[in-house]
Amino acid sequence: MDRVAEERATEPLTEYVHRVSRRIRAFDQHHPLPWDLLLTGFWVTAALIDYFGDGWLNVTRDRDNPGWLVLILSLGFSVPLLWRRTHPRAVLVAIAPVSLVNSWTGIALQAVLLQLLVVFHIALRRPPRNLWWATALITAPVAVMTARYARGGADQDIVSVLMSIAVAAAIGITVRTRRAHTEALEDRARRLEIERDQQARLAAAAERARIAREMHDIIGHNLAVITGLADGGRYAATKSPERAAEALTAISTTSRQALTELRRLLDVLRDETAQHHTPPPPADLTPQPTLADLTPLIDGVRSAGLPVDTTVQGTPALPPGRQLTVYRVIQEALTNTLKHAGPDATSHIDFSYDDSGAVTVTVTDTGRGGPLNGTEGRGLPGMRERTALYGGTLEAGPRAHPEQGWRVHLHLPEESPQ
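Residues numbered from 1 in each chain as written. Predicted model: local features only at pLDDT ≥ 70, side-chain atom pairs only at ≥ 80, totals over all residues. Heavy atoms only, no water.

What to know about the packing of aromatic side chains
For any two aromatic rings, the description comes down to two numbers: the centre-to-centre distance and the angle of the planes. Formally: The aromatic pairing rule takes the rings of Phe, Tyr and Trp, using the six-membered ring of Trp, and pairs them if the centres are within 6.5 Å, calling planes under 30 degrees apart stacked, those over 60 edge-to-face and the rest tilted. Using a 1.4 Å probe on the protein chains alone, a residue whose accessible area is under 20% of its type maximum counts as buried, one over 50% counts as exposed, and one in between counts as partly exposed. The rule is short: NZ of Lys or CZ of Arg within 6 Å of the ring centre and within 35 degrees of the ring normal puts a charge over the ring.
Under the defined criterion, the tally for this structure stands at three aromatic pairs. Between Y51 and F52 the ring centres are 4.8 Å apart and the planes differ by 70°, which places this aromatic pair in the edge-to-face class. Where F351 meets Y353, the ring centres are 6.2 Å apart and the plane angle is 10°; that geometry is what we call stacked. Considered together, F351 and Y353 belong to a single accessibility category, that of buried residues. Between R148 and the ring centre of W104, over which it is positioned, the NZ or CZ distance is 4.0 Å.

Notes on the packing of helix α2 (residues 13-30) against helix α3 (residues 32-52)
Basically, it comes down to this: What counts as an axis is a line fitted to C-alpha atoms, over the stretch in contact for a helix, and the angles between N-to-C directions run from 0 to 180 degrees. To qualify as a helix, a DSSP run of H or I must reach at least 4 residues; to qualify as a strand, a run of E must reach at least 2; elements of each kind are numbered from the N terminus. Between 65 and 115 degrees an angle is taken as roughly perpendicular, under 35 as roughly parallel, over 145 as roughly antiparallel, and anywhere else as oblique. Note on definitions: a residue-residue contact is assigned when non-hydrogen atoms from the two residues lie within 4.5 Å. Residue polarity follows a fixed list, in which Ala, Val, Leu, Ile, Met, Phe, Trp, Tyr, Cys and Pro are nonpolar, Asp, Glu, Lys and Arg are charged, and the others, Gly among them, are polar.
Two elements in contact, α2 and α3, have axes separated by 5 Å at closest approach and are oriented at 105°. With respect to α3, the axis of α2 lies roughly perpendicular. Across the interface between the two elements, F27, D28, Q29 and H30 of α2 pack against P32, P34 and W35 of α3. Residues of the contact of α2 with α3, tallied by class, amount to four nonpolar, two polar and one charged.

Brief notes about the packing of helix α10 (residues 294-303) against helix α11 (residues 320-340)
Following both chains from N to C, one finds α10 and α11 inclined at 0°, their axes separated by 11 Å at the closest point. If you check the angle between α10 and α11, you find them roughly parallel. Residue-level inspection shows L294, L297, I298 and V301 of α10 in contact with α11, the latter providing Y327, I330, Q331, L334 and L338. Taken together, the residues of the contact of α10 with α11 sort by class into eight nonpolar, one polar and no charged.

A closer look at the confidence of the model for the protein chain
To be explicit about the condition: Known as pLDDT, the predictor's per-residue confidence is scaled from 0 to 100.
When pLDDT is averaged along the protein chain, the result is 79; 76% of the residues meet or exceed 70. Within the protein chain, no element has a lower average pLDDT than helix α1 (residues 2-9), which sits at 50, and none a higher one than strand β3 (residues 359-365), at 93. Per-residue pLDDT stays below 50 along residues 271-286; that stretch engages in six contacts with residues further than four places along the chain or on separate chains.

Things to note about the pattern of salt bridges
Heads up, the condition is: Basic side-chain nitrogens of Lys or Arg form a salt bridge, by our definition, when they fall within 4 Å of a carboxyl oxygen of Asp or Glu.
Using the criterion set out here, one finds nine salt bridges in the structure. R196 is the partner of E193 in a salt bridge, and the nearest nitrogen-oxygen pair spans 3.9 Å. Residue E193 and its partner R196 are located together in helix α8 (residues 154-239), separated by three residues, close to a single helical turn. Classification of E193 by relative accessible area gives partly exposed; the value is 43%. Overlapping salt bridges, with partners in common, bring together D36, R84 and R85 in one network.

Description of the environment of A250
For A250, the location among the structural elements is in helix α9 (residues 241-269). The spacing of A250 and G300 is 50 residues in sequence and 7.7 Å in space, taken between C-alpha atoms.

Looking at the nonpolar core
For soluble globular proteins, the rule of thumb is that nonpolar side chains tend to be buried together. Threshold: Take the buried residues of types Ala, Val, Leu, Ile, Met, Phe, Trp, Tyr and Cys, join any two whose side-chain atoms come within 4.5 Å, and each joined set is a nonpolar core.
Within the largest apolar cluster, 29 residues are counted, with the highest numbers of intra-cluster contacts made by V326, I330, L334, I349, V361 and V363. Elements supplying a minimum of two residues to this core: α10, α11, β2 (347-353), β3, α12 (379-388) and β5 (406-412). Per element, the largest residue contribution to this core is six residues, and it comes from α11. By size, the runner-up hydrophobic cluster in this structure holds 28 residues, among which are F77, I122, A123 and V161.

With respect to unusual backbone geometry
Of note, D54 is a non-glycine position whose phi angle comes to about 60°, a positive value. The topology assignment puts D54 in the loop between α3 and α4 (67-78).

What about a positive patch on the surface?
Stated formally: Patch definition: residues above 30% relative accessible area lacking any salt bridge, with like charges linked at up to 9 Å and the nonpolar side chains Val, Leu, Ile, Met, Phe, Trp and Tyr linked at up to 5 Å. Here the Shrake-Rupley method, with its probe set to 1.4 Å, supplies the accessible areas, and only the displayed protein chains count as covering residues. Residues counted as positive are Lys and Arg, residues counted as negative are Asp and Glu, and His and the chain ends are not counted. Note that the charge is assigned to NZ on lysines, CZ on arginines, CG on aspartates and CD on glutamates.
Among the surface-exposed residues, R22, R23, R25, R178 and R179 lie close enough to one another that they form a single positively charged patch. A per-element tally of the positive patch places α2 first, with three residues. Within the secondary structure, R179 sits in helix α8. In this structure R179 comes out as partly exposed when scored by relative accessible area, which is 42%.

Looking at the side chain of T105
Put simply, the test is: In protein, a polar contact requires one atom able to donate a hydrogen and another able to accept it; more generally it is a pair of N or O atoms within 3.5 Å, and residues adjacent in sequence count only if both atoms are side-chain atoms.
Following the sequence through the fold, T105 ends up in helix α5 (residues 88-105). Within polar-contact distance, the side chain of T105 engages the backbone oxygen of V101 at 2.7 Å. Those residues within four positions of T105 in sequence are excluded, and the remaining contacts are D62, N65, L69 and Y149.

Quick look at the environment of A341
Checked against the element boundaries, A341 lands in the loop between α11 and β2. Along the primary structure A341 and T366 are separated by 25 residues, whereas in three dimensions their C-alpha atoms are 7.3 Å apart. When sequence neighbours within four positions are dropped, the list of residues in contact with A341 reads N336, G367 and R368.

Section: α11
Under the convention used in this document: Helix span, as expected, comes to 1.5 Å for every residue beyond the first.
Between its terminal C-alpha atoms α11 stretches 30 Å, which fits the 30 Å expected from 21 residues at 1.5 Å a residue. Here α11 lies mainly inside the structure; 15 of its 21 residues are buried. A positive phi of about 90° marks G342, the residue just after α11.

Things to note about the sheet that holds strand β1 (residues 308-313)
Definition in use: Strands are treated as partners if at least two bridges between them are detected by DSSP.
In space, the five strands of this open sheet follow the order β1-β2-β3-β5-β4, with mixed pairing throughout. Either end of the sheet is taken by a strand with one partner, and the two such strands are β1 and β4 (393-398). Each strand of the sheet is rotated relative to its neighbour by a mean of 10°, with strand direction disregarded. Pairing between β4 and β5: six bridges, direction antiparallel. Considered in β5, the bridge of P398 is made with W406. Along the sheet, α10 makes contact with β1 and β2, crossing β1 at roughly 155°.

As structure tokens, this is what we get:
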């Protein structure tokens with residue numbers, strides 16, 4: 001508590017005043033009537049003190065005016081201020097006859113200066129063109145009094161009023177400009193915050209889509225291979241226990257590979273906010289699959305019962321991102337063949353690498369491929385999204401008659417220099 005009190009004691013005065021004024025403005029914004037009543041009451045009290053204390057006699061041009069008229073004029077200048085913020089033009093028009101009587105009779109109450117407060121609110125809340133007729137409305141009674149009660153320095157009275165009006169208007173315009181600037185900054189801050197949230201949501205959606213593709217590729221392919229191995233092992237269990245044992249071994253290996261890839265993916269999603277003082281264990285830094293991993297992939301598909309032949313033209317020279325795209329497209333194509341091609345199907349993969357960095361891959365099978373029946377699932381859209389990242393094209397569909405089966409054709413063009 002002592003330290004808090006010390007910090008408050010050493011707080012700069014300007015910050016304290018700024019904080020208090022901000023609270024006052026907030027209260028006034030939500031409860032304007034109390035402040036209007038307080039300010040109007042203050043000026044009504046000042047006008048009445050001027051009347052009852054005979055202070056008006058010190059500046060009047062005619063001491064023979066009745067007291068009741070002086071009282072009415074005092075209230076006429078001060079009471080309308082209650083509506084100065086909501087209807088400043090109407091208040092100034094309402095005070096104008098009072099000001100004219102004040103000048104014509106020579107009473108010359110100092111409360112006439114309250115019109116400057118109305119000018120301030122006109123400059124603050126209304127278009128600037130309203131200041132012209134407001135100036136004329138305030139200056140005309142001064143000219144009348146100068147004409148009726150001429151004395152030395154009468155021209156100075158008009159000049160003084162004009163200068164006072166200019167100062168009040170300048171203050172109002174300055175406050176209005178400052179408010180507009182503050183509102184613009186606040187609006188810009190709100191827009192930036194909304195834009196930041198939108199970008200965060202878009203990034204999260206893109207990340208969810210990427211994770212969904214990875215999960216689909218990992219789980220879908222490995223489960224298809226495991227299913228094929230399990231079916232083959234079940235048939236071989238009665239006739240060839242050795243083949244059944246090999247199938248079980250392959251199932252175990254494939255399952256471990258799937259778990260390793262899933263752990264790698266989940267490590268990326270791990271929340272890194274430190275809730276404990278001990279650092280989290282290091283994540284698995286195994287890289288994403290590349291073209292070098294195609295051999296184990298194809299061997300796994302072969303062990304699941306799908307014969308796969310390959311043809312390679314050229315020498316691959318692709319960056320890791322393109323290698324991952326080729327790998328995932330081939331993985332998805334072979335997985336679909338395992339799922340839908342049927343028994344006795346075969347598959348062929350044709351690779352064509354250009355020296356410029358372009359690559360073309362065609363995966364065909366001899367199964368019973370047909371239309372997609374109105375749905376593509378996640379596999380084909382995921383392949384197309386991966387391909388679009390590098391400006392490539394992907395064609396997937398049944399092979400042309402009379403050939404049977406399915407065809408997936410991938411082409412990634414030469415990578416443009418950065």
